[in-house]
Amino acid sequence: MSRPTKLFETYKLGPITLANRLVMAPLTRNRAAPGSFVPSPLAADYYGQRASAGLLVTEASQISQQGQGYQDTPGIYSKDQVAGWRKVTDRVHERGGRIFIQLWHVGRISHTALQAGGAAPVAPSAIRAKGKTFVNGTFADVSEPRALELSEIPGIIDDFKRATRNALEAGFDGVEIHGANGYLLDQFAKDGANKRTDAYGGSIENRARLMLEVSKAVATEAGADRTGIRISPVTPANDVADSNPQPLFDHIVDGLSALKLVYLHVVEGATGGPRDFAPFDYASLRKRFSGAYIANNGYDFDLATKVLEAGNADLIAFGKPFISNPDLVERLKRGVALNEWDKNTFYGGGATGYTDYPTLEAAEAAQ
């Protein structure tokens, strides 16, 4: 019997209707084909198994080779990648699901081994992050980046536009811009990573500029009603920080709301860590944004229900529980135990820990 909660109500997200208010958060799995970075054939099974979520957001997918930061992550910049993603969207749609792709440029969180000709990764400023990336089968320190020239920034925006066109060709219902977790757009926004003195550095308005310009360009391609964005105001992920995040993100969200993006996906607290990592007024973002608010980080059934009932979010993103529970929606409805995930199979590999987690139906049939 289904438990009473707004979590399982339908929700109108722009032109599409979601079957429930659960969002599968983007989850990097490092299983694309080496070299071509085409989603593997298993990806269609993986996303298809989870199509009962109201909305699936794919793993982050680089908009260019320059935008890649980790081994075997999928791209959305080549014809073969588009064809690979089309198999995924077809499977999800066959099962009644809705799916957005997350568009990604990692900026300085990369390694020369992943860059064309062994070039340095790019960043707002030539400041090396304290952090690791996964490359050549092992964890390695990220490489020293170089600062983007002012003349190169329009090319970054064009790469986001091209990736958006590719995403629509691949059959996605929409796109999510990755503006979170210490990657390129977040690096430009936060003063710990951005020491520029030109039009993209210094003031809040200047540091927010690239995120807002990318958002406008993507929304122009996809339609604002099919464009979402993910932000993480206070996360320390990938060695990023801002000295005063509240006015920065209030300004950013004002700009995003003016563009009429369909949703704002907010990592509340430290990504994958404490929700109370640093003081921040998320309600301010909720009030400022005209579209749907997706709350993310550490949510379970009880917290999701509480937040939805209070009107503090419209949709709730679940991450790791979706890895090990392809039928998470059904399990939460029935209030039954969830499968435990295996951290050892999160990144890389094949079907094990990817498409072989049992559904309730399969588990009951085996008894």
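The model shown is predicted, which means the values in this text are computed figures rather than measured ones.

## Considering the layout of surface pockets
Size it by volume and the largest pocket reaches roughly 1,000 Å³. Pro 26, Leu 27, Asn 181, Thr 271 and Tyr 347 are, among the 36 residues lining the largest pocket, the residues nearest its centre. Sorting the residues of the lining of the largest pocket by element identifies β5 (99-104), β7 (132-135), β14 (315-318) and α9 (320-324) as the ones contributing at least two each. Here the lining of the largest pocket is composed, by residue class, of 19 nonpolar, 14 polar and three charged.

## Remarks on empty space enclosed by the protein
All chains considered together, the criterion is met by one cavity of 30 Å³ or more. In this model, the largest cavity occupies a volume close to 50 Å³. In terms of lining, the largest cavity is formed by Arg 29, Arg 31, Ala 32, Pro 39, Ser 40, Ala 43, Glu 59, Pro 74 and Tyr 354.

## Let's talk about the pairing of β14
Regular strands place side chains that alternate from one sheet face to the opposite one. Along β14, one buried face is formed by Leu 315 and Ala 317 and the opposite face, lined by Ile 316 and Phe 318, is buried too. The pairing of strand β3 (residues 22-24) with β14 spans three bridges and is classified as parallel. The partner of Val 23 across the bridge, within β14, is Ala 317. Alignment of strand β13 (residues 292-296) against β14, held across three bridges, turns out to be parallel. Bridge pairing links Ala 295 to Ile 316 in β14. Handedness of the β-α-β unit built from β13, helix α8 (residues 301-309) and β14 comes out right-handed.

## Let's talk about the sheet that holds strand β10 (residues 174-178)
One closed barrel holds the eight strands; their spatial order is β3-β4-β5-β10-β11-β12-β13-β14, and the pairing between them is parallel. Taken over all neighbouring pairs, the strand axes of this sheet differ in orientation by 25° on average, direction set aside. Where β5 and β10 come together, four bridges link them in parallel fashion. Residue Ile 101 lies in a different strand from β10, and its bridge partner there is Val 175.

Analysis parameters
- Starting from 1, residues in each chain are numbered consecutively following that chain's sequence as written.
- Since the coordinates come from a predicted model, pLDDT governs what is reported: local features require at least 70, and pairs of side-chain atoms require 80 or more to be given and counted, while whole-chain, interface and lining totals use all residues.
- As a rule here, side-chain values come from all non-hydrogen atoms in the structure, and water together with hydrogens is ignored.
- Site definitions follow a grid-based scheme: protein atoms alone, a 1 Å grid, a 1.4 Å probe that fits but cannot get out for cavities, and for pockets an open set with protein on both sides within 12 Å along at least five of seven lines, plus lining residues having an atom within 4 Å of a point.
- Grid points are joined across faces, edges and corners, and a volume is the space filled by probe spheres set on the points.
- Starting at the N terminus, helices and strands are each numbered in turn, a helix being any DSSP run of H or I of at least four residues and a strand any DSSP run of E of at least two.
- Throughout this entry, Asp, Glu, Lys and Arg are counted as charged residues, while Ala, Val, Leu, Ile, Met, Phe, Trp, Tyr, Cys and Pro are counted as nonpolar. The remaining residues, Gly among them, count as polar.
- For every residue, the accessible area obtained with a 1.4 Å probe (protein chains only) is divided by the maximum for its type, and the residue is called buried under 20%, exposed over 50%, and partly exposed between those limits.
- Strand pairing follows a simple DSSP-based rule, namely that at least 2 bridges must link the two strands.
- Handedness rule for crossovers: strands pointing away from the viewer, path from the first strand over the helix to the second running clockwise, crossover right-handed.
- To obtain an axis, a line is fitted to C-alpha atoms, over the contacting stretch when the element is a helix, and the angle between two such axes runs from 0 to 180 degrees between their N-to-C directions.

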